[in-house]
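Summary of the model geometry
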Amino acid sequence: MLSEIQNLHDVWETNRTLKSTNQHQISFDDLTNSIISTGPFSFYIIDFFDMSLSHISPSLFTMHGFDPETITFNDVLGAIHPEDIDFVIKAEAFLTKFFHENIGREKLLTYKISYSHRCRLENGEYALFNHQALMLTMDDNGGYGKSLNIHTRIDHLSSFNTYKISLIGLNDEPSFMNLSLDEINNESAEFSKREIDIIKLIGNGLNNTEIAEKLFISPLTVKKHRNNILAKSNSKNTAELIKNCILQGVI
């Protein structure tokens, strides 16, 4: 799979920063403290300047059997299922184009990227993981700097990969759910910050009245938002909504 990994590096090569960047918008501790785990997870920071790893969680070694003394980013990439690596390559290329054409590359720091793929475990078997990436730094030309990558095991929720991408907006930016790599038939659901807030409160078990009190709006407004959210996410009920949002990295 070395050639496939090189193809993934080629996608990043034209987008990475040409100098070291260290000005994080949000501190690393604040980011990791905000992680809500829906299953076993690991994280690390990748520096696209030299492809070095830092702030590696011990769980990355225990879950996948990596050697703490010799681990490289290629080791992490090499654990991706051979049948999923092509999707990851296309997903990273798609994201570059989507930001350029639809959002603005300068806003990459205000989004969390989420998609899923299978990854090899320490025992050699494969499990479905949700990959989330938050770009921490960029250079003045929009080159990729450092990114916090979080991998959460989700095979207890689903064994089926949708092969779609979600972009979770931060700092009041809208969110784009279920982006397809098929650009011709790409239909994505765009969620507002208010809708994302309501989804998270639903995930915390709050009812319409409790959500209304939290957000200082009427229960009727919450009900309208809730119905819109179910329609946009193609969810039949709240249980399906929560499952879908967990799989997409919203919750």
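The notes below deal with the structure included here. Residue numbering note: each chain is counted from 1, following its sequence as written. Selection of residues for local features in this predicted model requires a pLDDT of at least 70, selection of side-chain atom pairs for listing and counting requires 80 or more, and totals for whole chains, interfaces and linings are taken over all residues. In computing side-chain properties, one takes all heavy atoms of the structure into account and sets aside hydrogens as well as water.

1. A few points about the pairing of strand β6 (residues 165-169)
Here is the rule we go by: We call a residue buried when its accessible area falls under 20% of the maximum for its residue type, exposed when it is over 50%, and partly exposed in between, using a 1.4 Å probe and counting protein chains only. A helix here means a DSSP run of H or I that spans at least four residues, while a strand means a run of E at least two residues long, and both kinds are numbered starting from the N terminus. One bridge is not enough; two strands pair if DSSP finds at least two bridges between them.
Within β6, five of the five residues are buried, which leaves it mostly tucked inside the rest of the structure. Of the strand pairs in this sheet, strand β3 (residues 111-120) and β6 are connected by four bridges, and their pairing is antiparallel. From the neighbouring strand, I113 faces β6, where its bridge partner is L167. With two bridges connecting them, β6 and strand β7 (residues 175-179) associate as antiparallel partners. If you follow I165 over to β7, its bridge partner there is L179. Counting the residues in the hairpin turn of β6 and β7 gives five residues, including N171, whose phi is positive at 55 degrees.

2. Some details on the packing of helix α6 (residues 193-203) against helix α7 (residues 208-215)
Put simply, the rule reads: Only the stretch in contact is used when a helix axis is fitted, and all axes are lines through C-alpha atoms; the angle between N-to-C directions ranges over 0 to 180 degrees. In these notes the angle categories are as follows: under 35 degrees is roughly parallel, over 145 is roughly antiparallel, 65 to 115 is roughly perpendicular, and the rest is oblique. Helix crossings fall into two classes, left-handed where the near helix is turned counterclockwise from the far one by less than a right angle and right-handed where it is turned clockwise. Any two residues whose heavy atoms approach within 4.5 Å at even a single point are treated as in contact. Amino acid classes used here: Ala, Val, Leu, Ile, Met, Phe, Trp, Tyr, Cys and Pro are nonpolar; Asp, Glu, Lys and Arg are charged; the rest, including Gly, are polar.
Here α6 crosses α7 at 130 degrees, and the two axes come no closer than 10 Å. In terms of orientation, α6 and α7 fall into the oblique class. As α6 runs across α7, the sense of the crossing is right-handed. Across from R194, D197, I198, L201 and I202 in α6, the residues of α7 making contact are I211, K214 and L215. Residues belonging to the contact of α6 with α7 are distributed by class as follows: five nonpolar, no polar and three charged.

3. Things to note about the packing of aromatic side chains
Filter applied, for reference: Two aromatic rings, drawn from Phe, Tyr or Trp (for Trp, its six-membered ring), form a pair once their centres lie within 6.5 Å of each other, and the interplanar angle then sorts them: stacked below 30 degrees, edge-to-face above 60, tilted otherwise.
With the rule as written, the count across this model stands at eleven aromatic pairs. Connected via pairs of aromatic rings, a cluster forms that spans W12, Y44, F48, F73 and Y144.

4. A short note on the packing of α7 against helix α8 (residues 219-232)
Contact geometry of α7 with α8 gives a least axis separation of 8 Å together with a crossing angle of 110 degrees. As the angle between them shows, α7 and α8 are arranged roughly perpendicular. Here α7 contributes N208, T209, I211 and A212 to the contact with α8, which in turn contributes P219, V222, K223 and R226. For the contact of α7 with α8, the per-class residue count stands at four nonpolar, two polar and two charged.

5. Some thoughts on the pattern of salt bridges
Cut-off, in case you're wondering: Note on definitions: salt bridges are taken to be side-chain nitrogens of Lys or Arg within 4 Å of carboxyl oxygens of Asp or Glu.
Evaluation of the coordinates by the stated rule reveals six salt bridges. We note a salt bridge from E83 to R118, for which the minimum N-O separation is 3.3 Å. In this pair, E83 sits in the loop between α4 (73-78) and α5 (85-103) while R118 sits in strand β3, placing the two residues 35 residues apart along the sequence. Here E83 falls in the exposed class, since its relative accessible area comes to 59%. Within the structure, one salt-bridge network assembled from shared partners comprises E83, D84 and R118.

6. Describing the pairing of strand β4 (residues 126-135)
Moving residue by residue along a regular strand, the side chains alternate between the two faces of the sheet. In terms of burial, β4 is a largely internal element, nine of the ten residues being buried. Sheet topology note: the β3/β4 ladder contains nine bridges and is antiparallel. Paired with C119 across the bridge in β4 is A127. Following β3, the chain reverses through five residues before pairing antiparallel with β4; G124 in that reversal takes a positive phi of roughly 95 degrees. Two elements, β4 and strand β5 (residues 146-153), share seven bridges in a ladder whose sense is antiparallel. Paired with N130 across the bridge in β5 is T152.

7. A few points about the nonpolar core
Defined as follows: Residues enter a nonpolar core if they are buried and are Ala, Val, Leu, Ile, Met, Phe, Trp, Tyr or Cys, with the set joined through side-chain atoms within 4.5 Å.
Within the largest apolar cluster, 45 residues are counted, with the highest numbers of intra-cluster contacts made by F73, V76, I113, Y115, I165 and L167. For this core, the element with the most residues is α5, which contributes ten residues. Residues in contact with I113, not counting those within four places in the same chain, are L95, F99, L108, H131, Q132, A133, I165, S166 and L167. Core analysis: the next-biggest nonpolar cluster, separate from the first, contains 19 residues, I198, L215, I229 and I242 among them.

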